[in-house]
Amino acid sequence: MKKTVLIIGGGPAGYVSAIRAAQLGADVTLVEKHKNLGGTCLNVGCVPSKALLQYSYYVHLLKQEFQHLGIDATLNNIHFSQMQEKKGQIVSNLTQGIAYLLKKNKIRHVHGEAKFVAEKTVEVNQEIFKSDYILLATGSKPIELPFFPIDEEHVLSSTGALALKKIPDHLMIIGAGVIGLEMGSVYRALGSKVTFIEFFDRVAPSFDEDVSKTLMEIMKQRGIEFHLKTKVVKGESNSGKVKLSCEGPDKSLFSLEGDYVLQSIGRKPNTKGLDLDKGGIQLDAKGFIQTGPDLMTSVQGVYAIGDVAVGPMLAHKASHEGIALVETLFGKPASYNLFEVPNVIYTHPEVAHVGMSEADLKAHQLPYKVGKFPFKANARGLVEHDDKGFVKVLVCKSTDRLMGAVVVCSHASEMLAMFQLAIAQKLKIQDLKHLMIAHPTLSEALVEAILNSDNESIHF
Ligand SMILES: Cc1cc2nc3c(=O)[nH]c(=O)nc-3n(C[C@H](O)[C@H](O)[C@H](O)COP(=O)(O)OP(=O)(O)OC[C@H]3O[C@@H](n4cnc5c(N)ncnc54)[C@H](O)[C@@H]3O)c2cc1C
């Protein structure tokens, strides 16, 4: 008899687990309430945001970069609707691709909202489902300021900010984390005035301080304004005008006005409507579905993966967690380490981090040495005018193992893989020092940073 697997949620956690479970011989049913598969990531997250980042970067190149090179290209108009249409086509191709993959793997796809009616018993469209294994992959949703509800008209979440029909005149962004910084980059490149209001004393507070500083300097040079150590205490939206009352670092009050505000203050696990209490499933203090290290919930045979479970809210974490879980359930050796989850800000330049940060190493009291290499000393960085960032590696002093790395440059997300492999394989820096990298490439800076951790960098 085939084992049965019921998966609730068709995002990267759910659909990837469904495919892997089917490959391993399970009889799989996937329930998704949205008309499209792919979850937040494909519909209103990773993919549409990266599309707009790429298209707006072309505008940035045309307006800012080409003139330095004597290329006289005049920007007459931005047909924003055309960009939005192209973004929509990509999303649609990808979500249809998932529907095809489910069919190919003989996965039953049920369109509807799932809820528990009893322990290990789920109802969708008045049909009852019981299964050997139930995987909860219902994702996350934006957090909104309690005193200023999101209407997706002028008071936006990332979903609304990605779907705008018009380029804002003045976009105010509450929260300078990954999503805020990405959306701010998009609209600044397209010509909006962009102002950040950030509660912490720096942007991208989950990254090391040197990263925050570099990124903020670059964004300031592009005309983006920042109010740090500042909180929004009141918001009003009337006839297309949004007014924010803010409290600055010295407690003084000031106001900002714009036509749109984006609230990017974080996301919370999405468990609404699941009737988890009827299923006997417990939440932790922060509202995530409580799981053990094996991802099992308070009920035997019911698991939680992706954004709705504890850990970084990232698509690759969601899908890897799902694959590792399913492989374990079907007797395959699988491993998955939260320290190996890469984290990227897809601004220009990008920031890509993997492993431990300096803050993590300090917190764990692990003695470490730093190797750093700036792209201003890298030929390709200079050629591509991608010379403001750096590579930083963090090496354990006692084992000489690479513990963490961050890359700040235009292709950082693509370049990070070498460091990921080194960390996952517990490589020592000696293993990387003599790697011959093609010249001239940005990747030469990766090895130079490794060399620099022992003061052996050639070009710096
Ligand atoms: C603007 C933005 C940009 C992002 N960019 C990146 C990025 O570049 N890289 C990255 O790694 N991550 C990015 N993320 C995060 C990424 O989108 C999420 O981490 C990822 O989608 C989580 O996958 P998931 O499967 O856990 O949940 P989701 O993708 O949220 O999917 C959950 C699914 O469950 C469905 N569902 C919920 N409740 C029910 C129910 N009761 N019955 C049936 N179906 C239900 C929902 O409709 C949804 O489709 C971004 C997020 C945002 C908002």
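Residues numbered from 1 in each chain as written. Predicted model: local features only at pLDDT ≥ 70, side-chain atom pairs only at ≥ 80, totals over all residues. Heavy atoms only, no water.

A.B. asks: Got a minute to help me understand unusual backbone geometry in this structure?
C.D. replies: Among all residues except glycine, the phi angle is most often negative; among peptide bonds, the trans geometry is most common. Note that the residue after H348, namely P349, is joined by a cis bond; omega there is 0°. Among the secondary structure elements, P349 is positioned in the loop between β19 (343-345) and β20 (350-355). Looking along the chain, the bond that leaves H439 and enters P440 is cis, with omega of -5°. Within the secondary structure layout, P440 lies in the loop between α13 (429-433) and α14 (444-452). Despite not being glycine, K106 has its phi angle at roughly 55°, a positive value. In this structure, K106 sits in the loop between α4 (80-104) and β3 (108-111). Using a relative accessible area of 73% as the deciding quantity, one classes K106 as exposed. (Helix = DSSP H or I, 4+ residues; strand = E, 2+ residues; numbered from the N terminus. Buried < 20%, exposed > 50% of the residue type's maximum accessible area, 1.4 Å probe, protein only.)

A.B. asks: Sorry if this is basic, but what is going on with the site of the ligand here?
C.D. replies: Around the ligand, a shell composed of 38 residues is seen, among which E32, T40, K50, D307 and A315 lie nearest. The backbone of M313 places a nitrogen or oxygen atom 3.3 Å from an oxygen atom of the ligand. In this structure, A315 approaches the ligand through a main-chain N or O atom, which is 2.8 Å from an oxygen atom. When the ligand is considered free in solution it has 1000 Å² of accessible area, and contact with the protein chains removes 94% of it. Taken together, the elements giving at least two residues each to the shell around the ligand come down to α1 (12-23), β2 (27-32), α2 (39-44), α3 (46-65) and α8 (315-329). By residue number, the principal contributor to the shell around the ligand is α2, which donates four residues. (Near = heavy atom within 4 Å. Polar contact = N/O pair within 3.5 Å; in protein donor to acceptor, adjacent residues only side chain to side chain. Areas by Shrake-Rupley, 256 points an atom, 1.4 Å probe, with all protein chains shown as cover.)

A.B. asks: Sorry if this is basic, but what is going on with the sheet that holds strand β5 (residues 121-124) here?
C.D. replies: Pairing is antiparallel across the open sheet formed by three strands, whose spatial order is β4-β5-β6. The sheet terminates laterally at β4 (114-118) and β6 (127-130), the two strands that pair on one side only. Within the sheet, the average angular offset between the axes of one strand and its neighbour, ignoring direction, is 40°. Here β4 pairs with β5 via four bridges, running antiparallel. Within the sheet, the bridge partner assigned to F116 lies in β5 and is V122. (Pairing = 2+ DSSP bridges. Axes fitted to C-alpha atoms, helices over the stretch in contact; angles between N-to-C directions.)

A.B. asks: What's the story with the nonpolar core in this structure? I'm lost.
C.D. replies: A general tendency of soluble globular proteins is for nonpolar side chains to be buried together. Judged by nonpolar contacts, the single largest core of 40 residues is most densely connected at L181, Y187, L190, F196, V203, F226 and V351. For L190, the residues in contact, after removing those within four places along its chain, are S56, V59, K63, I78, F80, M83 and I167. Listed in part, the 29 residues of the second largest apolar core include I107, L295, I305 and V326. (Core = buried A, V, L, I, M, F, W, Y, C linked by side-chain atoms within 4.5 Å. Contact = heavy atoms within 4.5 Å.)

A.B. asks: Sorry, what's going on with the pattern of salt bridges here?
C.D. replies: Close approach of charged atoms lets side chains of opposite charge pair. Counted according to the given criterion, the structure contains 20 salt bridges. Note that K50 and E182 form a salt bridge whose closest N and O atoms lie 2.8 Å from each other. Of this pair, K50 sits in helix α3 while E182 sits in helix α6 (residues 178-189), and the two are 132 residues apart along the sequence. Residue D169 pairs with K166 through a salt bridge whose shortest N-O separation is 3.8 Å. Residue K166 is classed as partly exposed on the basis of its relative accessible area, which comes to 39%. One connected set of salt bridges, linked through shared partners, spans D208, D210, E358, K372 and K392. (Salt bridge = Lys/Arg side-chain N within 4 Å of Asp/Glu carboxyl O.)

A.B. asks: When you look at the packing of α1 against α8 in this model, what are you seeing that I'm missing?
C.D. replies: The angle between the axes and the distance between the axes are what describe a pair of packed helices. At a minimum axis separation of 8 Å, α1 and α8 run at an interaxial angle of 30°. As summarised for this structure, α1 and α8 are arranged roughly parallel, according to the angle between their axes. In this structure, the crossing between α1 and α8 has a hand that is right-handed. Here α1 contributes P12, A13, V16, S17, R20 and A21 to the contact with α8, which in turn contributes A315, A318, S319, G322, I323, V326 and E327. Here the residues of the contact of α1 with α8 are counted per class, giving eight nonpolar, three polar and two charged. (Parallel < 35°, antiparallel > 145°, perpendicular 65-115°, else oblique. Left-handed = near helix turned anticlockwise from the far one by under 90°. Nonpolar A, V, L, I, M, F, W, Y, C, P; charged D, E, K, R; others polar.)

A.B. asks: I would appreciate a short explanation of the layout of surface pockets in the present structure.
C.D. replies: It is a probe the size of a water molecule, rolled over the atoms, that shows where empty space is left. One number sums up the size of the second largest pocket: a volume of about 510 Å³. Forming the walls of the second largest pocket are 22 residues, and the residues nearest its centre are H60, E65, R222, E384 and H385. Of all the secondary-structure elements, those providing two or more residues to the lining of the second largest pocket are α3 and α7 (209-221). By residue number, the principal contributor to the lining of the second largest pocket is α3, which donates five residues. For the lining of the second largest pocket, the residue count by class is seven nonpolar, nine polar and six charged. (1 Å grid on protein atoms, 1.4 Å probe; cavity = no way out; pocket = protein on both sides within 12 Å on 5 of 7 lines; lining within 4 Å. Points joined across faces, edges and corners; volume = space filled by probe spheres on them.)

A.B. asks: Just to check I follow, could you spell out α8 for this structure?
C.D. replies: Every α-helical turn comprises 3.6 residues, leaving residues that sit three or four positions apart pointing alike. For α8, which comprises 15 residues, the first-to-last C-alpha distance of 21 Å matches the rise-based estimate of 21 Å (1.5 Å per residue) to within 8%. When α8 is considered as a whole, its buried residues turn out to be K317, A318, S319, E321, G322, A324, L325, V326, E327 and L329. In this fold, the buried residues of α8 make contact with α1, β7 (133-136) and β18 (302-304). Phi turns positive, to about 80°, at G331, one or two residues after α8. (Expected span 1.5 Å × (residues − 1).)

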